[in-house]
Amino acid sequence: MNIDFNKNQDGLIPAIIQDSITKTVLMLGYMDQEAYSKTMDTKKVTFYSRTKKRLWTKGEESGNFLNLVDIKLDCDNDTLLVLVNPVGPTCHKGTDTCWGEENKTDFGFLSELEKIIQNRKEQAEGIIPIPEGVKPSYVSSLFKSGINKVAQKVGEEAVEVVIEAKDDNDDLFKNESADLLFHYLILLQAKGYTLQDIVAVLQARH
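Residues numbered from 1 in each chain as written. Predicted model: local features only at pLDDT ≥ 70, side-chain atom pairs only at ≥ 80, totals over all residues. Heavy atoms only, no water.

(A) Broad picture of the overall build of the chain. Per the secondary structure count, the chain includes six helices and six strands. When its helices and strands are written in sequence order, the chain yields β-β-α-β-β-β-β-α-α-α-α-α. Over its C-alpha trace the chain gives a radius of gyration of 24 Å, far above what one expects of a compact globule, namely 17 Å for 206 residues. With respect to the principal axes defined by its C-alpha atoms, the chain has extents near 65 × 45 × 35 Å. Here the chain, with 206 residues, has 33% of them falling under the buried criterion. In the chain, 46% of the contacts between residues at least 6 apart in sequence involve partners at least 24 apart. Across the chain, the 24 positively charged side chains and the 32 negatively charged ones have centroids separated by 6 Å. (Helix = DSSP H or I, 4+ residues; strand = E, 2+ residues; numbered from the N terminus. Rg over C-alpha atoms; globule rule 2.2 N^0.38 Å. Buried < 20%, exposed > 50% of the residue type's maximum accessible area, 1.4 Å probe, protein only. Contact = heavy atoms within 4.5 Å. Lys, Arg positive; Asp, Glu negative; His and termini not counted. Charge placed at Lys NZ, Arg CZ, Asp CG, Glu CD.)

Right under this line is the structure:
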């Protein structure tokens, strides 16, 4: 890579550290040419510490190393995106990230949908109240019907997906697929699991 270490007078460029699996941004550090070279040689992320005025390998004291997976260079050749597998928490304060966030996989809209389903489940269980004057939602009612009904709905939606897969109506196929995924997420929570639990099984198989 043609990294421009000379753009700044101090010869340092930002290195954004990101978990290669969860895609969570863990921290921001700085590298000079020597730190970059050592990172590539050892496969453990090394920075130039502006306070200690020396090279600093993350985890050299704590054991919480950042094992290198890949490095990407931005369009201006002066910022690195460093993909890693972290060993333990990244921040010196003991948190997963330097922003105090938990390092977990975020499935975007599906994660938001899981939160909504969890809310409806808690309403069905009486953990949180249903707003006065509001009828119980479809999902809450489904949870109240019990695991057999939830599982039955998944089976029904799976059959619909198979039927539409054999036809040529793309819109119907996508809609039935969405129904299947939605009810599967409900079934997972009815069994006490989330999408991340299933992803972990797939990762273990991989």
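There's more to say after this.
(B) Summary view of the domain arrangement of the chain. Here the chain is partitioned into domain 1 (13–86) and domain 2 (109–204). Relative placement of domain 1 and domain 2: their C-alpha centres are 40 Å apart. (Domains from an automatic or database assignment.)

(C) Broad picture of the environment of Ile198. The topology assignment puts Ile198 in helix α6 (residues 195–205). For Ile198, a relative accessible area of 27% translates into the label partly exposed. Through-space distance from the C-alpha of Ile198 to that of Leu188 is 9.1 Å; in sequence the pair is ten residues apart. If we skip the residues at most four places from it in the chain, Ile198 touches Tyr184 and Leu188.

(D) Expanded view of the environment of Thr22. Its location among the elements puts Thr22 in the loop between β1 (13–19) and β2 (25–31). Between the alpha carbons of Thr22 and Asn85 there is a distance of 9.6 Å; along the sequence they are 63 residues apart. Side chain to side chain, Thr22 and Thr24 meet in a polar contact 3.1 Å long. (Polar contact = N/O pair within 3.5 Å; in protein donor to acceptor, adjacent residues only side chain to side chain.)

(E) A look at the packing of helix α2 (residues 109–124) against helix α5 (residues 170–190). Closest axis-to-axis distance for the α2/α5 pair is 10 Å, and the angle between their directions is 55°. It follows that α2 is oblique to α5 by the angle criterion. Between α2 and α5 the crossing geometry is right-handed. Residues Leu110, Leu113, Glu114, Ile117, Gln118 and Lys121 of α2 form the contact with α5, whose own contacting residues are Leu181, Phe182, Leu185, Ile186, Gln189 and Ala190. (Axes fitted to C-alpha atoms, helices over the stretch in contact; angles between N-to-C directions. Parallel < 35°, antiparallel > 145°, perpendicular 65-115°, else oblique. Left-handed = near helix turned anticlockwise from the far one by under 90°.)

(F) Quick peek at the side chain of Ser20. Mapping Ser20 onto the fold places it in the loop between β1 and β2. Dropping the residues within four chain positions of it, Ser20 is found in contact with Val69, Leu83, Val84 and Asn85.

(G) Structural context of the sheet that holds β2. Overall, mixed pairing links the four strands, which are arranged β2-β1-β6-β5 in an open sheet. Strands with a single pairing partner mark the edges of an open sheet, and in this sheet they are β2 and β5 (66–73). Adjacent strand axes in the sheet meet at a mean angle of 30° when their direction is disregarded. Taken together, the five bridges between β1 and strand β6 (residues 80–86) define a ladder with parallel strand orientation. (Pairing = 2+ DSSP bridges.)

(H) The packing of aromatic side chains, seen in detail. Enumeration over the complete set of coordinates arrives at two aromatic pairs. Where Phe5 meets Tyr36, the ring centres are 6.3 Å apart and the plane angle is 55°; that geometry is what we call tilted. A residue pair is termed long-range when its members are at least 10 positions apart, and Phe5 in the segment before β1 and Tyr36 in helix α1 (residues 33–42) qualify at 31 residues. Neither residue differs from the other here; Phe5 and Tyr36 are each classed as buried. For Lys44, the ring lying beneath its charged end belongs to Phe65, and the centroid distance is 4.7 Å. (Phe/Tyr/Trp six-rings, centres within 6.5 Å; stacked < 30°, edge-to-face > 60°. Lys NZ or Arg CZ within 6 Å of the ring centre and 35° of its normal.)

(I) Inspection of the state of the cysteines at higher detail. By the definition in use, this model includes zero disulfides. Free cysteine: Cys98, not disulfide-bonded; nearest cysteine sulfur from Cys91 at 4.1 Å. (Disulfide = S-S within 2.5 Å.)

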